[in-house]
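# An overview of the molecular structure
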Amino acid sequence: MTVTIVGSQLGDEGKGGVVDLYGDAADVVARYQGGDNAGHTVVHDGEKYKLSLVPSGAVRGKVGVLGNGCVVNPETLFEEIDTLHDKGLDPDVRVAERAHVILPYHRVLDGIEEDEKADLAAGTTKRGIGPTYEDKAGRRGIRVGDLLDPDVLRERLEYVVPQKRALAEEVFGADVGEAFDVEHLFETYREYGERLAEENMTVDCGTYLQDRIDAGDNVMLEGAQGTSIDIDHGIYPYVTSSNPTAGGATVGTGLGPTVVGQGEVIGIVKAYLSRVGTGPLPTELGGVEGQTPGYDPETGADTDEEELATYIRDEGGEYGTVTGRPRRVGWLDMPMLRHAARANGFTGLAINHIDVLAGLEEVKVGHSYELDGETVYTMPPTTEKWGDCEATFKSFDGWSEVDWAEVAAEGYEAIPENARTYLEYVADELEASIYAVGVGPGREETVVVENPYE
Ligand code: GDP
Ligand code: IMO
Ligand code: MG
């Protein structure tokens, strides 16, 4: 069977930790979208692993697959594999031949376009994600399978590189270097192809996964990013260029929707909001310069809110895994979660980070929005309208700091009562059951209510 792990908010909900927890019962962990824009943290034997491309299950010896819906930067891929080797692990990673390759010009163009876009910039990770998906849709992309065939690789590069060079030089007036040089790219990427072939890493993803399922194996589908930064269902244009939502798990692996639909779809919820990037955020507390629209710390800051934001940011370690940028933080946004529950059809929830909120006297959630004189309970389809939404808050009594490791060992009933009231409110609103509650970053610091593979 399959278990699909989906971010229900804006990324960084703690997906890596949940994949690690439930991945124990899985034989294969496959990613279905995104690339090295992801930053997934897995804590294993006291060691912290930060993975941006290799599926989180690889840390525990599972086969990790990068599905056809992913965009793969071979440089990052081999760097991560080599780092894991240095730490004494021997990751078994397979890459879909249908996955698209991130080339150096994609990264350069990502940077240039972000600067050009000004207010429309999403604050991307500058990993070349958007430009690579653009080329995929524009049918000028280079796929992993093409790296294995030098003639095809050369033909594709000769077609696409002059266009990219013209775009960089003539439209954006940039100086281009070897990132736009056919010969250099051909040699470098042919070598990556040779390593992929030598290490027997490439697969026909859908066939590979279906064969494993038919043989009785458990497959985990690891989403990256989150529903509100999905290119279709998120806060366009402040989104990533793929589909983190559960539908992406079928398109991005080659498993049929009925196969994925027979399994479980678990929504990962952070108990408050965090956001790396730009665009509106109705339940935001305080702001972060360069990310919160119109925010000027000199004039715009409400000191109480800033204090709360700093408390949550520091307690939660809310600094980007990939970029180190401070994350914007805010109260839980229920309309955002109702939207996610519908778009993904969650069968269960893992709610993380309730330990981070411990010690606050009051915990709030944005229960609904006021928009144009009406009360709304889900996200409006345009980001401009979302920016006009005023959150109506619901208040919960806070809970104190406790020994969370003990709570995790004892089980759900050991969670402080006020925190349970909060959790149950979320589960009731989303009509999904709580499968796990995160009370700390380590795998042992999770209260497991339900194992989806059982
Ligand atoms: P992902 O991108 O969804 O995999 O999440 P990230 O790894 O980017 O960010 C989540 C961060 O929170 C990581 O540093 C995790 O170790 C940590 N984390 C995950 N769950 C919990 C939790 O329940 N409590 C606390 N305090 N930290 C958590
Ligand atoms: P994980 O998997 C949080 C955000 C970027 C930017 C937008 C587009 O760790 O949850 P991109 O580089 O993808 O073109 O950037 O999406 N973003 C993320 N935010 N977590 C992530 O991944 C993200 N991946 C991309 O900040 O706003
Ligand atoms: Mg992350």
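The structure under discussion appears in the preceding block.
Given the structure is predicted, the values throughout are model-derived calculations rather than measurements.

## Section: the coordination of the magnesium ion (ligand 3)
- Only Asp 12 (OD) and Gly 39 (O) from the protein coordinate the magnesium ion (ligand 3), and they sit 2.0 to 2.1 Å from it. Here Asp 12, found in the loop between β1 (2–7) and α1 (15–23), pairs with Gly 39, found in the loop between β2 (28–31) and β3 (40–44); they are 27 residues apart in sequence, far enough to count as distant.

## Points about the pattern of salt bridges
- In total, this model carries 27 salt bridges according to the counting rule given.
- The partner of Asp 12 in a salt bridge is Arg 327, and the shortest N-O contact between them spans 3.1 Å. Residue Asp 12 is located in the loop between β1 and α1, and its partner Arg 327 is located in the loop between α11 (303–315) and β14 (328–330); the two are separated by 315 residues in the primary sequence.
- Classification of Arg 327 as buried rests on a relative accessible area of 6%.

## As for the sheet that holds β2
- Spatial strand order, β9-β7-β5-β2-β10-β1-β11-β16-β20-β21: 10 strands in an open sheet with mixed pairing. Among the strands making up the open sheet, the edge pair consists of β9 (202–203) and β21 (446–448).
- Direction of pairing for β1 relative to strand β10 (residues 219–222): parallel, over a ladder of four bridges. Paired with Thr 2 across the bridge in β10 is Val 219.

## Quick word on the packing of helix α3 (residues 104–117) against helix α6 (residues 150–171)
- Their axes nearest at 11 Å, the elements α3 and α6 cross at an angle of 25 degrees. Classified by the angle between their axes, α3 and α6 sit roughly parallel to one another. The hand of the α3/α6 crossing is left-handed. Across the interface between the two elements, Tyr 105, Leu 109 and Ile 112 of α3 pack against Val 160, Val 161, Lys 164, Leu 167 and Ala 168 of α6.
- Residue classes in the contact of α3 with α6 are distributed as seven nonpolar, no polar and one charged.

## A word on the site of ligand 1
- Lys 15, Gly 39, Thr 41, His 353 and Asp 355 are the nearest of the 18 residues found near ligand 1.
- Contact between ligand 1 and Gly 440: a nitrogen atom at 3.3 Å from a main-chain N or O atom of the residue.
- For the shell around ligand 1, the elements supplying multiple residues, two or more each, are α1 and β3.
- Broken down by class, the residue content of the shell around ligand 1 amounts to three nonpolar, 10 polar and five charged.

Analysis parameters
Residues numbered from 1 in each chain as written. Chains lettered and ligands numbered in written order. Predicted model: local features only at pLDDT ≥ 70, side-chain atom pairs only at ≥ 80, totals over all residues. Heavy atoms only, no water. Donors = N, O, S within 2.8 Å, 3.2 Å for Na, K, Ca; no water. Helix = DSSP H or I, 4+ residues; strand = E, 2+ residues; numbered from the N terminus. Salt bridge = Lys/Arg side-chain N within 4 Å of Asp/Glu carboxyl O. Buried < 20%, exposed > 50% of the residue type's maximum accessible area, 1.4 Å probe, protein only. Pairing = 2+ DSSP bridges. Axes fitted to C-alpha atoms, helices over the stretch in contact; angles between N-to-C directions. Parallel < 35°, antiparallel > 145°, perpendicular 65-115°, else oblique. Left-handed = near helix turned anticlockwise from the far one by under 90°. Contact = heavy atoms within 4.5 Å. Nonpolar A, V, L, I, M, F, W, Y, C, P; charged D, E, K, R; others polar. Near = heavy atom within 4 Å. Polar contact = N/O pair within 3.5 Å; in protein donor to acceptor, adjacent residues only side chain to side chain.

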